Amino acid sequence: MAAGTAGPAGLKDATAIVGIGQTPFAKRLPEDERTLACRAVLAALDDAGIAPGEVDALASYTMEETDEVELAKACGFGDLTFFSKVGFGGGGSCATVAHLAAAVATGQASVGVAWRSRKRGSGARPWTDTTVQLPTPAQWTRPYGLLRPVDEIAMLARRYMHEYGATRDHLFNVALACRNRANQNPAAIMYDRPLTREMYMTSRWISEPLCLFDNCLETDGALACVVISAERARDCRRTPVYVHSAAQSLPAQHHGMVNYWNDDPLTGPAWTAARHLWKHSDLAPEDVDVAQIYDAFTPLVLLSLEGFGFCGRGEGGAFTEGGALEIGGPLPVNTGGGGLSEAYVHGFNLINEGVKQLRGTSTAQVPGASACLVTAGEGVPTSALLLRS
Amino acid sequence: MLRPVTDADGAPFWEYAARGELRVQACAGCGEPRFPPRPCCPHCQSFEAEWRLVPGTGRVWSYVVPHPPLLPDYAELAPYNVVVVELDKAPRIRLVGNLVAGPGEPLGSLPADRLRIGARVRVVFDDGLPRWVLERS
């Protein structure tokens, strides 16, 4: 194992994802979030061939409702010696795996499980709870009717389109690539529903300049994955998918979803995450075969393409032209359908899809894929993973 | 309609706004203005601050037009605009607000085709909230 650059016990390739699991995805599932969490976690452990009693580390999101005690006692975990939760909604997805990788690489634990269970399809929309949402910095935005995440991101999207000449067709290219991959994935909510440019251009507005198809799905579902040392991973039943590089990112003077108050609001957390990710990697953007880019809203993908170095500043829109994000293009993205068309579970399905690509088992397999970038929410303190086979 | 639920750092902004004054927090040590307000200066770490009167003029930096689903009071007024205004002489101070047809006019009163990034705007106060109207000149 090559020595990492992060210190004497670097993260580079020190750990691997050896199991993934998920429940069905639907607008409404009958079971509660806790039950769905248990099902996804046990499916991931079964996939890995590791007994629940061996689990000694957990990581999830601060927004996750099923806590460690509930999960551990239901699933029959052993004694836990590491547990961690990451904030900022979908910005925390990749960080759950990163925290487990750090824990395993430094000997704090040996078998880690990351998970997310959410009934966002049948449950309440978080922005409708004004008691939770109103404290600072909401005082500066919500009284004026900037109420929902889509409104906050649409504000940046309009400015981005104005500065760089990006168009709705560029946003459509993102929505279409995700939908086309979902149409290949029987587990995707939009499996049997093709998208056309006509449908996109005539759909209802949600927050101009963003329409219905610029928004992710609202989904019930749960996913999980299992992280262990690279050494042990070589003896597992599945092809190990190595955590080659991992990063968290909260840029200086970043303001979260309403990042309107610094010198350059159009370079967000993706840029900071990318600098760290590439610095600790043997790979460069051109070595990435396939990417799973957080897509709560289509403009986040354009920003992320720039931030992670696949194109220059302001070129994210143009990059999507000519089928660039489709299978066969220079950077196939969100090959399970992403949050836009497979399921929106705070980006965890992007992690599992990255694993499937590197195992060679995706429903939209990129031939010979050996390196996959997975990103978390742009526009909030974020995280990212570079996975390799 | 939602009222600002303020905190110790933000309260002075709203107290001045209730009097029809647009003031932003600035460092009493190095003089740098900052928004949103916070306990200390990110440039020099001073805890001393003042509330500086700023010209109530600026330009539209960006805008959105929300459509339902929205909270009921807002859904009734939709589609309406929400703008970010970049203040003259303080380019990093950008205030979220609404561009309305005139003082006292409601959200959504300005026709959408009048909205433009770069448009010059001027502050008006409505029930303690700063709102914005197009400059005529």
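First, a word on what this report is: a plain description of the structure on this page. None of the values given here were measured: they were computed from a predicted structure.

### Some details on helix α3 (residues 93–105) of chain A
All names here are of chain A.
Then step 1. An ideal rise of 1.5 Å per residue puts 18 Å on 13 residues; α3 measures up with 19 Å between its terminal C-alpha atoms.
Then step 2. Most of α3 is tucked away: 13 of the 13 residues are buried.
Then step 3. Just downstream of α3, G107 is the residue with a positive phi angle, here 80 degrees.

### Looking at unusual backbone geometry
Note: most residues except glycine have negative phi, and most peptide bonds are trans.
Then step 1. The linkage connecting P68(B) with the following residue, P69(B), adopts the cis geometry, with an omega of 10 degrees.
Then step 2. Turning to its location among the elements, P69(B) is positioned in the loop between β3 (57–66) and α2 (72–77).
Then step 3. The omega angle of the peptide bond from A78(B) to P79(B) is -5 degrees, so this bond is cis rather than trans.
Then step 4. Relative to the helices and strands, P79(B) resides in the loop between α2 and β4 (82–87).
Then step 5. Here the phi dihedral of H346(A) falls at roughly 55 degrees; this positive angle occurs in a residue that is not glycine.
Then step 6. Looking at the element boundaries, H346(A) is found in the loop between α12 (338–341) and α13 (348–359).

### Quick look at the pairing of β3(B)
Then step 1. Of all the 10 residues making up β3(B), 8 are buried; the element is thus mostly covered by neighbouring parts of the structure.
Then step 2. Direction of pairing for strand β5 (residues 205–208) of chain A relative to β3(B): antiparallel, over a ladder of 2 bridges. Its bridge partner lying in β3(B), E208(A) is registered against V65(B).
Then step 3. Bridge count between β3(B) and strand β6 (residues 120–126) of chain B: 3 bridges; the pairing is antiparallel. Bridged to T57(B) within β6(B) is R122(B).
Then step 4. Of the pairings in the sheet, the one linking β3(B) to β4(B) comprises 6 bridges and is antiparallel in character. Considered in β4(B), the bridge of R59(B) is made with E86(B).

### Details of the nonpolar core
Most often, soluble globular proteins have nonpolar side chains that are buried together.
Then step 1. In this structure, I17(A), V97(A), A101(A), C225(A) and V226(A) are the most contacted members of the largest nonpolar core, which totals 167 residues.
Then step 2. Of all the elements, α3(A) adds the most residues to this core, at 10 residues.
Then step 3. Residue assignment places this core across two domains, with domain 1 (1–53) and domain 2 (55–137) of chain B each supplying three or more.
Then step 4. Once residues within four sequence positions are removed from consideration, V97(A) is found in contact with I17(A), A114(A), C225(A), V227(A), V243(A), A246(A), I351(A) and L385(A).

Thresholds, definitions, all that
Residues numbered from 1 in each chain as written. Chains lettered and ligands numbered in written order. Predicted model: local features only at pLDDT ≥ 70, side-chain atom pairs only at ≥ 80, totals over all residues. Helix = DSSP H or I, 4+ residues; strand = E, 2+ residues; numbered from the N terminus. Expected span 1.5 Å × (residues − 1). Buried ≥ 20, exposed ≤ 12 C-beta atoms within 10 Å, placed from the backbone. Pairing = 2+ DSSP bridges. Core = buried A, V, L, I, M, F, W, Y, C linked by C-beta atoms within 7 Å. Domains from an automatic or database assignment. Contact = placed C-beta atoms within 7 Å.

Treat this as a map of the structure, not an account of what it does.
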